[in-house]
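Structural characterization, general
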Amino acid sequence: MSETNKSEYLVEVNHLKEYFPIRTGWGKTTMLKAVDDVSFAIKPGETLGLVGESGCGKTTVGRTLLHLYKPTDGEIRFNGELVTSKNVHKFRKDMQMVFQDPYSSLDPRMTVEDIIGEPLDVHKLYSTKAERHQKVLDLMSLVGLNAEHATRYIHEFSGGQRQRIGIARALAVNPKFIVCDEPVSALDVSIQAQVINMFEELREKLGVAYLFIAHDLLIVHHISDRIAVMYLGHMVEMAEADELNDNPIHPYTLSLLSAVPVPDPEKARANKRIILEGDVPSPLNMPSGCPFRTRCRFATEQCAKERPALTDRGNGHMVACWNK
Amino acid sequence: MSELTENMPKKNPLSLQIDPKRFEPASEDEKAQQDVMHASTSFFRDGMRKLMKNPLAVASIITIVVIILMILIVPKVVPYGYDEIIRVNGSRDKTVTNLAPFQYSEKEQAAIAAGETIFPHIMGTDSLGRDYFVRVVEGAKVSLSVGLFASILVLIIGVIYGSISGYKGGRVDLIMMRIVDIIYSLPDVLIIILLSVVLNQTLDPNNPIVKALGTNMVAIFVVFGLLYWVSMARLVRGEILQIKNNEYILAAQAMGGKSGHIIRTHIIPNCISVIIITTALQIPSAIFTESFLSFMGMGVQAPMPSLGSLANSARQGLQSYPWQLIFPAVLIVLIVLAFNLLGDGLRDAFDPKLRR
Ligand SMILES: Nc1ncnc2c1ncn2[C@@H]1O[C@H](COP(=O)(O)OP(=O)(O)OP(=O)(O)O)[C@@H](O)[C@H]1O
Ligand SMILES: [Mg+2]
């Protein structure tokens, strides 16, 4: 590590772009801009929440960040060091991912022990079979699984248990950073809370940093230090969790927050729900200028001409909007 | 009930009024009971259980085992060689040809009368005076081995080709699959005929492999290696394309697994059942092809028998000695049917979604 550009951030993402070529018949391809110019940074041990509606590119951000997809453009730095397709292997041990779908992300032909032990195999983190077995059992108890489950196959587990297996697998190599891709959205509410609490405990115990993806603002607010809001592949707002919750600025964030149920009925009545008009535009056919303008109450001519950049509105509250 | 609700604080008229005193915390043992699941069944055991419940598959397994046992035991028990012309007391016997099952020639009858024991000709003898039973069993052995080796050849080439094509994807896949399409459209029998003519001219006849098998057999193997792997390759490729879409492949990449690791630990175990089933179904088709070619006179070299060539030579005496055709023909049918039914059974047991 001779590089001198060591920064305070563990993960830095600058102007990340991920375009998917989509065949539109007869040899023509158009670019689906799943992620377009997204930048953020995460400190060691910090949790950045990433919210947005379905299809806005959250998963793609997470996967491109780990070089599971080759970025179309932009740079990713880990510990200040540039991550490229060539050197990504040396970062694999430090960056892990918990997948959105606990059904297809675990191999049905492997036992739980082999699934959790796979990262240990890949990185050769043990010298004897017994050591591997012990490490797997430790990980299983860390995420609250019974030792007797080790020899079982995935089809014998519930969704919540599967998600724990996925988390144990991500933790096996002692990563410094985990992308959690909607780790609880496939679970029912009672188990959601358990798993969220587990993530918090693990953060306290192991000091890992998370990029915590979800479409539920309530959950994200609960676990995150900072929250970023995405819309159609763009980042529209990013701030401290409480700041974003109390003083949302971007019209899209406002509408998202107005949809969150409030426990206090007095407040709920005062809190008028902002219902967005129209549908999300297709990512294949993006509106010019600001991506949100087609559904925005405040849209002006300028919004159609030019895309607003993320600007700091004080205290690191970043917003991309011309009018607010 | 009323007595219970009596001494409870009245909270809300709509509340369930549950008395907390009637509950106690669950012990560790009781909590653990929640985690008990049904007995663990491995994928393989589960499939084997289903296979053993399929009567057709079980009957096929028994048939195949009986035939294999016959191939192993008969040459040890019956004192005749498959290419040996029967002699009685060291002298040639003209009347030993084309005997019916369990019939003895005149000289043999004389020898038996003199107190000698002569092993019966269970299926009679052929036109040259060789024991037909031994020849049919030897023919079954040759046919089975051809089927097995041809299938292994198909298995190796098809799996390697298909997995490269499916795993690489993109342009590599496109080109490799167009090659498969071209090979698919070649007429196989024509190629075998052309190849055996060409190989007859070019192969060194003193080469031990050629000597043992004959050029026709070499041609058959070459054709299997060149042409017949394509359907296996297509199947494996399709399966891999589908497996590749699963997120556990992405997860393996995320943890730093290299291609070799991913292929070994995820892709092969997940498509092994398809491969085994296809191979099991490939064996009878190879046996059938070999029998067909031998019947057409393009198979094994005399004196080596195969079921097809035995049936072929039986054609001349069909009117007088029909059993010479019936025995090998029935055996071909039995073997091909048994392997086909076993393959179907394997498919139903291990991969029901493959059934069309
Ligand atoms: N491999 C791919 N090839 C082509 N298009 C893709 C691919 N992956 C994602 N997309 C497209 O990119 C866009 C963003 O997808 P992404 O999965 O990142 O959304 P998401 O925010 O994670 O949604 P969700 O909340 O439903 O998981 C979608 O329009 C999707 O169709
Ligand atoms: Mg997603």
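Treat the numbers as computed from the prediction; the structure is a model and nothing was measured. (Residues numbered from 1 in each chain as written. Chains lettered and ligands numbered in written order. Predicted model: local features only at pLDDT ≥ 70, side-chain atom pairs only at ≥ 80, totals over all residues. Heavy atoms only, no water.)

For chain B, the count of helices and strands is 15 helices and two strands. Burial analysis of chain B (356 residues in total) assigns 44% to the buried set. Once local pairs closer than 6 in sequence are excluded, the contacts in chain B between residues at least 24 apart make up 68%. Of the roughly 19600 Å² that chain B leaves accessible, carbon and sulfur atoms contribute 65%. (Helix = DSSP H or I, 4+ residues; strand = E, 2+ residues; numbered from the N terminus. Buried < 20%, exposed > 50% of the residue type's maximum accessible area, 1.4 Å probe, protein only. Contact = heavy atoms within 4.5 Å. Areas by Shrake-Rupley, 256 points an atom, 1.4 Å probe, with all protein chains shown as cover.)

Our next topic: the domain arrangement of chain B. Residues and elements named next belong to chain B. Per the domain assignment, the segments of chain B are domain 1 (86-129) and domain 2 (133-354). Across the boundary between the two partners, domain 1 contributes ten residues, which contact seven residues of domain 2. The junction of domain 1 with domain 2 conceals about 750 Å² of combined surface from both sides, 68% of it contributed by carbon and sulfur atoms. Counting every contact that joins domain 1 to domain 2 gives one salt bridge. Of the charged contacts in the structure, one is a salt bridge between Arg135 and Asp126, with a shortest N-O distance of 3.5 Å. In this assembly, domain 1 and domain 2 are joined by three residue pairs in polar contact (both at pLDDT 80 or more). (Domains from an automatic or database assignment. Buried area = accessible area lost by both parts, 1.4 Å probe. Salt bridge = Lys/Arg side-chain N within 4 Å of Asp/Glu carboxyl O. Polar contact = N/O pair within 3.5 Å; in protein donor to acceptor, adjacent residues only side chain to side chain.)

Let's shift gears to the sheet that holds strand E1 (residues 11-23) of chain A. Residues and elements named next belong to chain A. Taken together, four strands build an open sheet; the order of strands is E2-E1-E4-E5 and the sheet is antiparallel. In this open sheet, the two strands that pair with only one neighbour each are strand E2 (29-42) and strand E5 (81-82). Note: E1 against strand E4 (residues 73-78), five bridges, orientation antiparallel. Counterpart to Lys17 in the pairing with E4 is Asp73. (Pairing = 2+ DSSP bridges.)

A word on the interface of chain B and chain A. Facing the 26 residues of chain B at the interface are 29 residues of chain A. Of the roughly 2500 Å² buried where chain B meets chain A, counting both sides, 56% is carbon and sulfur surface. Inspection of the chain B/chain A interface yields one salt bridge. Applying the counting rule to chain B against chain A returns ten residue pairs in polar contact (both at pLDDT 80 or more). Those elements that provide at least two residues to the side of chain B that touches chain A are helix H12 (247-254) and helix H13 (259-295) of chain B. Among the elements that take part in the side of chain B that touches chain A, H12(B) stands out by supplying seven residues, more than any other. Split into classes, the residues belonging to the side of chain B that touches chain A amount to ten nonpolar, 13 polar and three charged. (Nonpolar A, V, L, I, M, F, W, Y, C, P; charged D, E, K, R; others polar.)

Before going further, it helps to examine the environment of Thr125(B). Residues and elements named next belong to chain B. Tracing the backbone through its elements, the reader meets Thr125 in the loop between helix H5 (106-113) and helix H6 (132-168). Owing to a relative accessible area of 0%, Thr125 belongs among the buried residues under this scheme. Discounting chain neighbours no more than four positions away, the residues touching Thr125 are Ile86, Val96, Thr97, Asn98, Leu99, Arg130, Asp131, Tyr132 and Gln324. In this structure the side chain of Thr125 is engaged in a polar contact, spanning 2.5 Å, whose partner is the backbone oxygen of Val96. Within polar-contact distance, the side chain of Thr125 engages the backbone nitrogen of Leu99 at 2.8 Å.

Here the focus is the site of ligand 1. Residues and elements named next belong to chain A. Taken together, 14 residues form the shell around ligand 1, and within it Ser54, Gly55, Lys58, Thr59 and Thr60 come nearest. Within the contact set of ligand 1, an oxygen atom lies 3.3 Å away from a backbone nitrogen or oxygen of Cys56. Glu182 is positioned such that a nitrogen or oxygen atom in its side chain is 2.8 Å from an oxygen atom of ligand 1. Within the complex, 68% of the 630 Å² of free accessible area of ligand 1 lies under protein. Of all the elements in the fold, those that place two or more residues in the shell around ligand 1 are E1, E2 and helix H1 (58-65). (Near = heavy atom within 4 Å.)

Glancing now at the domain arrangement of chain A. Residue and element names in this part refer to chain A. Split into domains, chain A comes out as domain 1 (3-94 + 175-319) and domain 2 (108-174). Distance between the C-alpha centres of domain 1 and domain 2: 29 Å. The partner domain 2 presents 13 residues to the 15 residues of domain 1 that form the contact. When domain 1 packs against domain 2, close to 1300 Å² is buried across both sides, 72% of that on carbon and sulfur atoms. Summed over the three residues of domain 1 that lose the most area to domain 2, namely Lys93, Pro175 and Met198, the buried surface amounts to 40% of that side. Counting the contacts that link domain 1 with domain 2 gives two residue pairs in polar contact (both at pLDDT 80 or more). Here the side of domain 1 that touches domain 2 gets eight residues from one element, more than from any other, and that element is helix H5 (residues 189-206). A breakdown of the residues in the side of domain 1 that touches domain 2 according to their chemical character gives ten nonpolar, one polar and four charged.

What follows deals with unusual backbone geometry. Residues and elements named next belong to chain A. Its identity as a non-glycine residue notwithstanding, His15 has a phi of 50°, on the positive side. Locating His15 in the fold gives a position in strand E1. Taking the relative accessible area as the measure of exposure, His15 reaches 47% and is therefore partly exposed. Even without being a glycine, Glu182 presents a positive backbone phi close to 40°. As for its placement among the helices and strands, Glu182 is situated in the loop between strand E7 (177-181) and H5.

Right, let's talk about the packing of aromatic side chains for a bit. Counting across every chain of the model gives nine aromatic pairs over all chains. Summarising the aromatic geometry, the rings of Phe78(A) and Phe91(A) are spaced 5.8 Å apart at their centres and angled 65° between planes, so their arrangement reads as edge-to-face. Of this pair, Phe78(A) sits in strand E4 while Phe91(A) sits in the loop between E5 and strand E6 (95-98), and the two are 13 residues apart along the sequence. Classification of Phe78(A) by relative accessible area gives buried; the value is 1%. Pairing Tyr321(B) with Trp323(B) gives two aromatic rings, centres 5.9 Å apart and planes at 70°, and the pair type is edge-to-face. Classification of Tyr321(B) as partly exposed rests on a relative accessible area of 25%. A residue is classified by how much of its surface remains accessible, and Trp323(B), at 18% relative accessible area, is buried. The side chain of Arg234(B) reaches across the aromatic face of Tyr184(B), ending 4.2 Å from its centre. (Phe/Tyr/Trp six-rings, centres within 6.5 Å; stacked < 30°, edge-to-face > 60°. Lys NZ or Arg CZ within 6 Å of the ring centre and 35° of its normal.)

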